Amino acid sequence: MSDMLKFTHVDQHYPEVTPAQERKSNFDEIYGQFDPAEAAVQAARCSQCGIPFCQIHCPLSNNIPDWLKLTAEGRLEEAYAISSATNTFPEICGRICPQDRLCEGNCVIEKGFKSVTIGSVEKYITETAFANGWVKPIQVTKETGLSVGIIGAGPAGLAAADMLRQHGHEVHVYDRYDRVGGLLIYGIPNFKLEKQIVLRRQQLLKDGGIHFHLNVDIGNSITLEELRQKHSSVLIATGVYKSRDIDIPDCSLGNILPALDYLTASNRVGLGDKVAEFDSGLLNSAGKKVVVIGGGDTAMDCVRTAVRQGASSVTCLYRRDQANMPGSMREVKNAQEEGVQFMWLSAPKAFVGKTHVEQIIVQPMRLMAQDNSGRHAVVPVDGEQFTLNADMVIKALGFDAEELPVLFGAPELKTSRSGTVAVDSKTFETSMPGVFAAGDIVRGASLVVWAIRDGRDAADAMHRHMMSTRARSKAA
Ligand code: FAD
Ligand code: SF4
Ligand code: SF4
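Here is what the cut-offs are and how they apply
Residues numbered from 1 in each chain as written. Chains lettered and ligands numbered in written order. Predicted model: local features only at pLDDT ≥ 70, side-chain atom pairs only at ≥ 80, totals over all residues. Heavy atoms only, no water. 1 Å grid on protein atoms, 1.4 Å probe; cavity = no way out; pocket = protein on both sides within 12 Å on 5 of 7 lines; lining within 4 Å. Points joined across faces, edges and corners; volume = space filled by probe spheres on them. Helix = DSSP H or I, 4+ residues; strand = E, 2+ residues; numbered from the N terminus. Domains from an automatic or database assignment. Pairing = 2+ DSSP bridges. Axes fitted to C-alpha atoms, helices over the stretch in contact; angles between N-to-C directions. Disulfide = S-S within 2.5 Å. Buried < 20%, exposed > 50% of the residue type's maximum accessible area, 1.4 Å probe, protein only. Phe/Tyr/Trp six-rings, centres within 6.5 Å; stacked < 30°, edge-to-face > 60°. Lys NZ or Arg CZ within 6 Å of the ring centre and 35° of its normal. Salt bridge = Lys/Arg side-chain N within 4 Å of Asp/Glu carboxyl O. Contact = heavy atoms within 4.5 Å. Buried area = accessible area lost by both parts, 1.4 Å probe. Polar contact = N/O pair within 3.5 Å; in protein donor to acceptor, adjacent residues only side chain to side chain. Nonpolar A, V, L, I, M, F, W, Y, C, P; charged D, E, K, R; others polar.

What follows deals with the layout of surface pockets. Of the pockets and cavities examined, the second largest pocket occupies roughly 510 Å³. In terms of lining, the second largest pocket is formed by 24 residues, of which the most central are Tyr14, Tyr31, Gln99, Glu104 and Arg330. Ranked by the residues each element gives to the lining of the second largest pocket, the list is headed by helix α15 (residues 329-337), at four residues. Two domains share the lining of the second largest pocket, each providing at least three of its residues, namely domain 1 (6-131) and domain 3 (244-398).

Moving on to the sheet that holds strand β8 (residues 313-317). Across the sheet, which stays open at both edges, the five strands sit in the order β6-β14-β7-β8-β9 with parallel pairing between neighbours. The strands lining the two open edges of the sheet, one partner per strand, are β6 (256-258) and β9 (341-343). Across the sheet, the axes of successive neighbouring strands diverge by a mean angle of 25 degrees, strand direction being ignored. When strand β7 (residues 289-293) meets strand β14 (residues 392-395), the two strands line up parallel, connected through four bridges. Considered in β14, the bridge of isoleucine 293 is made with lysine 395.

A separate point is the state of the cysteines. All chains considered together, the criterion is met by zero disulfides. Cysteine cysteine 302 shares no disulfide, and the gap to the nearest cysteine sulfur, in cysteine 316, comes to 9.4 Å. The class for cysteine 302 is buried, based on a relative accessible area of 0%.

It is worth spelling out the packing of aromatic side chains at this point. The full count for this structure, using the stated rule, is five aromatic pairs. Aromatic pair phenylalanine 7 and phenylalanine 113: ring centres 4.9 Å apart, planes at 80 degrees, arrangement edge-to-face. In this pair, phenylalanine 7 sits in the segment before α1 (20-23) while phenylalanine 113 sits in the loop between α6 (90-96) and α7 (118-131), placing the two residues 106 residues apart along the sequence. Taking the relative accessible area as the measure of exposure, phenylalanine 7 reaches 7% and is therefore buried. An aromatic cluster is defined as three or more aromatic residues linked by ring pairs; in this entry it consists of Tyr177, Tyr186 and Tyr241. Over the face of the ring belonging to tyrosine 241 we find arginine 176, whose NZ or CZ atom lies 5.8 Å from the ring centre. Above the plane of the ring of phenylalanine 191 lies arginine 308, whose end atom (NZ or CZ) is 4.1 Å from the centre.

A few words on the pairing of β14. On any regular strand, side chains alternate: one points to one face of the sheet, the next to the other face. Burial along β14 is two-sided: Met392 and Ile394 facing one way and Val393 and Lys395 facing the other are all buried. Judged from the three bridges that link them, β6 and β14 form a sheet pairing that is parallel. Considered in β14, the bridge of isoleucine 256 is made with valine 393.

A word on the pattern of salt bridges. Pairing between side chains of opposite charge can happen when their charged atoms approach one another. All told, the structure shown has 28 salt bridges when counted by the stated rule. Arginine 308 serves as the salt-bridge partner of glutamate 338, at 2.8 Å between the closest nitrogen and oxygen. Of this pair, glutamate 338 sits in the loop between α15 and β9 while arginine 308 sits in helix α14 (residues 297-309), placing them 30 residues apart in sequence. Looking at glutamate 338, the relative accessible area reads 2%, which means it is buried. With a shortest N-O distance of 3.5 Å, arginine 330 and glutamate 331 are connected by a salt bridge. Overall, arginine 330 belongs to the partly exposed group, its relative accessible area being 23%. The class of glutamate 331 is buried, set by a relative accessible area of 5%. Each of the salt bridges in this network shares a partner with another, and the network as a whole consists of Arg23, Arg304, Arg308, Arg330, Glu331, Lys333, Glu337 and Glu338.

Another aspect to go through is the environment of glutamine 202. In this fold, glutamine 202 is placed in helix α10 (residues 195-207). The exposure class assigned to glutamine 202 is buried, which follows from its relative accessible area of 13%. Measuring from C-alpha to C-alpha, the distance between glutamine 202 and phenylalanine 212 comes to 9.4 Å, with ten residues separating the pair along the chain. When sequence neighbours within four positions are dropped, the list of residues in contact with glutamine 202 reads Val180 and Phe212.

Let us now look at the domain arrangement of the protein chain. Its domain assignment divides the protein chain into domain 1 (6-131), domain 2 (147-240 + 401-475) and domain 3 (244-398). The gap between the C-alpha centroids of domain 2 and domain 3 is 31 Å. Listed per partner, the contact involves 13 residues of domain 2 and 13 residues of domain 3. With both sides pooled, the region where domain 2 packs onto domain 3 buries about 1,200 Å², and carbon together with sulfur makes up 55% of that total. Our count for the domain 2 to domain 3 interface comes out at three salt bridges. Our count for the contact surface shared by domain 2 and domain 3 stands at eight residue pairs in polar contact (both at pLDDT 80 or more). The element that contributes the greatest number of residues to the side of domain 2 that touches domain 3 is helix α9 (residues 183-186), accounting for three residues. Classifying every residue of the side of domain 2 that touches domain 3 gives seven nonpolar, two polar and four charged.

Right, dumping it as structure tokens:
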């Protein structure tokens, strides 16, 4: 313990971040990595709290105090063993968790001192583990002979696949995309998460014996019922992809685009794909006056992508104020540094243009008192409006679930009022026996770390279900 508690004389320090002027011209990850001495000394700032609030507020309940202490002592292989015991993708969470709202935001080091830089240490531990060959593919000692079908190769599906394979099951992951990773590969831009980090994990999962079936759209290429016949149990981890729309005049003008179309095209181009709608200019913001509508992580990713594509101006319209934005404050700060202009308390009222959008009529808004959920409603400021020039508008207003009972031809699949798949909160089982669900398709649009948590928990529940079903059928 004597090595710890350095917060009294060591200041909080994050790894180097590429200066805004430099990072604006490329899609490289903007955060660097600690060197061994920095990692040790930053980890040693932790005061090893008796009740670690950092851990309580980490969705994976990561044993943060222990891996910080081991890092401070230079015992990195042990630190990795502990960190990877609860987190399937610590190198990803260390990069893209909104730590300011989770572990670091709840670090109670001591009043007046800044939090321990937990995410950066987690990334450092895992990258060190990769560099030293400590991260190994799964080695199954005893196959169970049972097989599982997972629909969706996003973080929820992959975390479940990893756990189920560790239990010795044959695991098949189906995805309608041509690559593994879900939003990790086609949603989140490179400057937050470089794609080779996701591809490296995919390779490990393949090497561990997990089978991937890409370009397979469940509901079209194969039915859910066919999957149920093939596998002992099935997990639905399809995420949420139906973009929310705005109901104002002239929404159908050209150049008003859904955020995910825009980000997917940009990520595909970064991966070396030929994207016709990017080449034609439709999904490329170079030289354009771009306006992004929304205030969450997706909106921040769009504005920062537009900056890097060479937009002539980038503006973010958000109807609440900065304090009430759903996105991570770190991402807002990064965007501001990169030259994005924010218009708080501003909502689009109408789009103007002949065939393509040319202007947006903007309605100033006013915050009301907090409602029961703690959110402030907003109302228009009477008699006020102004005009903003735009030749590309990106809608980043959130996502809803597709109608899976219709898509899967399974009316017996029960959904919630918001359209997400309804599951038993303990067993993750849906209304269809042997069919489970996890991640955004259950929770609604959320975070990678929650998808990992749900995928792991659902995998445990599926394992128990399959083993007990087999035991019962043997006994009968
Ligand atoms: P997804 O990642 O969406 O994966 C679902 C997979 O299912 C996809 O690969 C899809 O192709 C596949 N699929 C869907 N339907 C079918 C079908 N019928 N047949 C076969 N396959 C199908 N979270 C953070 O923690 N930090 C961030 O910085 C962050 N940034 C984000 C930025 C953007 C632009 C977006 C959109 C989200 C961001 N998130 C972030 C949220 C995070 O990405 C999601 O919460 C997480 O990816 C959900 O994981 P999932 O596995 O449930 O779904
Ligand atoms: Fe923090 Fe996310 Fe890591 Fe948990 S998984 S310790 S919340 S960065
Ligand atoms: Fe260490 Fe902060 Fe966690 Fe306390 S809350 S154990 S100081 S990281």
